[in-house]
Amino acid sequence: MESNKRPENMARINNAELADAFIAEQVAAVRAQVDDKKVLLALSGGVDSSVVAALLIKAIGKNLVCVHVNHGLLRKGEPEQVVEVFKNRMNANLIYVDAVDRFLDKLAGVAEPEKKRKIIGAEFIRVFEEEARKQDGIEFLAQGTIYPDILESGPVKAHHNVGGLPDDLRFELVEPLKFLFKDEVRVVGKALGLPDEMVYRQPFPGPGLGVRCLGAITRERLECVRESDAILREEFAKNGLAGKVWQYFTVVPDFRSVGVKDGLRTFAYPVILRAVNTVDAMTATVEDVPFALLQHITERITKEVPGVNRVLYDLTPKPCGTIEWE
Ligand code: XMP
């Protein structure tokens, strides 16, 4: 069986030269592994899957079949960016699946966090499997497994993806990043020409905005989360916080409160802002965002996002709050 231990003499990839050498080595290894066969990849647009995609496009071009599933729970502009970067700029063989209605219909009325996660995970596998069956001659499945995935909990991504596929769809794995740490993946991504926005992206949960639209997801509140998140990200970028704060996002609970706008009573949702710093996500501290910036973000969100009449800032460290609200 192939080793899952990082070679002891492997240098830490921390500059463009080492990244180029790694890329050349992996391109040769992937070509040797897959020859002229086709490889399938679930391309979410996250750092790991994006770097795998760019690497495999370099190695095997159109024999890499990328599937991007838009489950409706991605951040504003993300599906468009995946299409722009991979299809338009890198000329990838990319299948874009608009599964928004499918996911939101399945999630309608489901308020329990664990159930929501399960539905999102199971539906994702179903959509991916359907796309896989439409393809002829696929023998390999590429995955963005990185070394911490192996170290922390065994091959988590392998379980998630391969274990979730039916027996007749078990492919041989291609995992070119499996010995890399996250910072090395970013250096390799830069060397492959991926945009900074993709390479330095903050962590984003698999179930996406689904864990930030609390209770039963509705399209209306999902838009509140997506639009307020876009404003928060824009303001953090403008004010030099984007590269500094580890993770920041907005949450919309499933209750409304009374407010007033243009002399009229409103009954609308609050938006909760969260901005935290951490090393390993096991504990986290709250970012001391300048009060004037919080006020400005509040003004923008309450003005620009329909259905919102209050903005709150979450001051809770982890513990005792988790980073996400669920
Ligand atoms: P918590 O909320 O447990 O989150 O303090 C710790 C980190 O994990 C991320 N997170 C997830 N990532 N799938 C993921 O890929 C998930 O279901 C998930 N839930 C939480 C969270 O964003 C934070 O960075």
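Residues numbered from 1 in each chain as written. Predicted model: local features only at pLDDT ≥ 70, side-chain atom pairs only at ≥ 80, totals over all residues. Heavy atoms only, no water.

### Observations regarding the sheet that holds strand β5 (residues 172-174)
The strand order across the open sheet formed by five strands is β3-β2-β1-β4-β5, and the pairing between neighbours is parallel. Unpaired on one side and paired on the other, β3 (93-98) and β5 mark the two borders of the sheet. Along the sheet, successive strands turn relative to each other by an average axial angle of 30°, direction set aside. The pairing of strand β1 (residues 38-42) with strand β4 (residues 138-142) spans four bridges and is classified as parallel. Within β4, the residue paired with L40 across the bridge is L141. (Pairing = 2+ DSSP bridges. Helix = DSSP H or I, 4+ residues; strand = E, 2+ residues; numbered from the N terminus. Axes fitted to C-alpha atoms, helices over the stretch in contact; angles between N-to-C directions.)

### What to know about unusual backbone geometry
Glycine aside, a negative phi is what most residues show, and trans is what most peptide bonds show. Here K318 and P319 are connected by a cis peptide whose omega angle stands at -15°. Looking at where P319 falls in the secondary structure, it is placed in the segment after β10 (308-313). With an omega of 15°, the peptide bond running from P319 to C320 counts as cis. For C320, the position within the fold is in the segment after β10. With a phi close to 55°, N91 is a non-glycine residue in the positive phi region.

### Thoughts on the pattern of salt bridges
Counting across every chain of the model gives 33 salt bridges. Here E235 makes a salt bridge to K238, at a shortest N to O gap of 3.4 Å. Of this pair, E235 and K238 both sit in helix α10 (residues 219-238), three residues apart, roughly one helical turn. Among the residues examined, E235 registers a relative accessible area of 2% and is labelled buried. For K238, a relative accessible area of 58% puts it in the exposed group. As a salt-bridge pair, R300 and E304 come within 2.8 Å of each other at their nearest N and O atoms. Separated by four residues within a single helix, R300 and E304 lie in helix α11 (residues 291-304), roughly one turn from each other. Among the charged side chains, a network of salt bridges with common partners joins R102, K106, E123, R126 and E130. (Salt bridge = Lys/Arg side-chain N within 4 Å of Asp/Glu carboxyl O. Buried < 20%, exposed > 50% of the residue type's maximum accessible area, 1.4 Å probe, protein only.)

### Focus: the environment of V97
Here V97 is to be found in strand β3. With 27 residues separating them in the primary sequence, V97 and F124 have C-alpha atoms 11 Å apart. Contact partners of V97, with chain neighbours within four places excluded, come to V67, H68, V69, N70, V127 and E131. (Contact = heavy atoms within 4.5 Å.)

### Some thoughts on the pairing of β4
Extensive coverage of β4 is indicated by the burial of four of its five residues. Note that β4 and β5 share three bridges and pair parallel. Opposite L141, over in β5, you have L173 as the bridge partner.

### Quick look at the domain arrangement of the protein
The domain boundaries assigned to the protein delineate domain 1 (16-199) and domain 2 (212-313). Centre-to-centre separation of domain 1 and domain 2, based on C-alpha positions: 29 Å. Linking domain 1 to domain 2 there are three salt bridges. A salt bridge links E227 to K76, with the nearest nitrogen and oxygen atoms 2.9 Å apart. In this assembly, domain 1 and domain 2 are joined by seven residue pairs in polar contact (both at pLDDT 80 or more). The element contributing the most residues to the side of domain 1 that touches domain 2 is helix α4 (residues 100-107), with four residues. (Domains from an automatic or database assignment. Polar contact = N/O pair within 3.5 Å; in protein donor to acceptor, adjacent residues only side chain to side chain.)

### Considering the site of the ligand
Taken together, R117, P205, G206, P207, W246, Q247, A281, K318, T322, I323 and E324 are the residues near the ligand. Q247 is positioned with one of its side-chain polar atoms (N or O) 2.8 Å from an oxygen atom of the ligand. Computed on the free molecule, the ligand has an accessible area of 500 Å², of which 69% lies beneath the protein chains in the complex. Partitioned by chemical class, the residues of the shell around the ligand number five nonpolar, three polar and three charged. (Near = heavy atom within 4 Å. Areas by Shrake-Rupley, 256 points an atom, 1.4 Å probe, with all protein chains shown as cover. Nonpolar A, V, L, I, M, F, W, Y, C, P; charged D, E, K, R; others polar.)

### Quick notes on empty space enclosed by the protein
It is the rolling of a water-molecule-sized probe over the atoms that shows where space remains empty. All chains considered together, the criterion is met by one cavity of 30 Å³ or more. Put simply, the largest cavity is a space of about 40 Å³. Looking at the largest cavity, the residues that line it are P113, K116, R117, I120, P207, G210, V211 and E326. Residue classes in the lining of the largest cavity are distributed as four nonpolar, one polar and three charged. (1 Å grid on protein atoms, 1.4 Å probe; cavity = no way out; pocket = protein on both sides within 12 Å on 5 of 7 lines; lining within 4 Å. Points joined across faces, edges and corners; volume = space filled by probe spheres on them.)

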